[in-house]
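# Fold and geometry: a report
One letter stands for each residue in the lines below.
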Amino acid sequence: LSAAPPLAGAPAGPPGSLELDGEGAVAALRLAARLLGCGDAELLTALNSRTISAGGEEMVICKKLPEARASRDALAKALYERLFDHIIFALNGSLAAVGQGSGRGAAAASSAGIGILDIFG
């Protein structure tokens, strides 16, 4: 989940565009790939192309620059969403444990929790 911030600076575009975006973008791509547990080339390929299967055949289609950027942004958004959900789940688990240990009974434990409505995401 720590890959989302560097992913925002990672290059996205046709294969070979990695050099065009500078060393900062290359470093961001490498860091994001390492944090996601994949190789640099794998991440770049996943962002820059899509595979279509039809009739037992597979075709790899290169994305246009806006599509590649949209893929990068969608991956970063999904990572942030999972991180947010993980934090809320952990906080609610901690609050439930505190409520159970307070001696106020099951009602206190079941009412302890955090719910957040994100109207922008």
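Since the structure is predicted, the reported quantities are computational estimates derived from the model, not experimental observations.

Calculation criteria
Residues numbered from 1 in each chain as written. Predicted model: local features only at pLDDT ≥ 70, side-chain atom pairs only at ≥ 80, totals over all residues. Heavy atoms only, no water. Helix = DSSP H or I, 4+ residues; strand = E, 2+ residues; numbered from the N terminus. Buried < 20%, exposed > 50% of the residue type's maximum accessible area, 1.4 Å probe, protein only. Contact = heavy atoms within 4.5 Å. Areas by Shrake-Rupley, 256 points an atom, 1.4 Å probe, with all protein chains shown as cover. Salt bridge = Lys/Arg side-chain N within 4 Å of Asp/Glu carboxyl O. Polar contact = N/O pair within 3.5 Å; in protein donor to acceptor, adjacent residues only side chain to side chain. Patch = residues over 30% accessible without salt bridge, like charges linked within 9 Å, V, L, I, M, F, W, Y side chains within 5 Å. Arc of directions from axis to C-beta. Pairing = 2+ DSSP bridges.

## Looking at the overall build of the protein
Within the protein one finds 5 helices and 2 strands. Mapped from its N terminus to its C terminus, the protein presents α and β elements in the order α-α-α-β-β-α-α. Looking at the protein as a whole, 26% of its 121 residues qualify as buried. In the protein, of all internal contacts separated by at least 6 residues, the share reaching a separation of at least 24 is 47%. With an accessible surface of roughly 8,100 Å², the protein has 61% of that area assigned to carbon and sulfur atoms.

## Brief notes about the pattern of salt bridges
As enumerated under the stated definition, the model contains 3 salt bridges in all. One salt bridge connects Asp40 with Arg30, and the closest N-O pair in it is separated by 3.3 Å. Residue Asp40 is located in helix H3 (residues 40-48), and its partner Arg30 is located in helix H2 (residues 22-36); the two are separated by 10 residues in the primary sequence. Under the relative-accessibility criterion, Asp40 is labelled partly exposed at 31%.

## A closer look at the side chain of Ser49
Inspection of the secondary structure assignment puts Ser49 in strand S1 (residues 49-54). Since its relative accessible area comes to 14%, Ser49 is described here as buried. A polar atom in the side chain of Ser49 sits 2.7 Å from the backbone oxygen of Thr45. Ignoring any residue separated from it by four or fewer positions in sequence, one finds Ser49 in contact with Val60, Ile61, Cys62 and Lys63.

## Details of a nonpolar patch on the surface
A cluster of nonpolar side chains, contributed by Tyr80, Leu83, Ile87 and Leu91, occupies part of the molecular surface with about 330 Å² of accessible area. Its location among the elements puts Ile87 in helix H4 (residues 65-101). Taking the relative accessible area as the measure of exposure, Ile87 reaches 42% and is therefore partly exposed.

## Examining H3
For H3, the set of buried residues is Leu43, Leu44, Leu47 and Asn48. Buried residues along H3 cover an arc of 120 degrees about the axis, so they all sit on one side. Facing away from the buried side of H3, by more than 90 degrees, are the exposed residues Ala41, Glu42 and Ala46.

## So, the side chain of Ser71
Structurally, Ser71 is set in helix H4. With relative accessibility at 18%, the residue Ser71 sits in the buried group. Engagement of the side chain of Ser71 in a polar contact is seen with the side chain of Lys63, the distance being 2.4 Å. The residues contacting Ser71, other than those within four sequence positions of it, are Leu47 and Lys63.

## Focus: the pairing of S1
Sheet topology note: the S1/strand S2 (residues 57-62) ladder contains 6 bridges and is antiparallel. Each bridged residue has a counterpart across the sheet, and for Ile52 the counterpart in S2 is Met59. Between the antiparallel neighbours S1 and S2 lie 2 residues, among them Gly55 with a positive phi of about 60 degrees.

## Section: the environment of Asp40
A C-alpha to C-alpha distance of 6.6 Å links Asp40 and Leu29, two positions 11 residues apart in sequence. Ignoring any residue separated from it by four or fewer positions in sequence, one finds Asp40 in contact with Leu29, Arg30 and Ala33.

That's the geometry; what it means functionally is another story.
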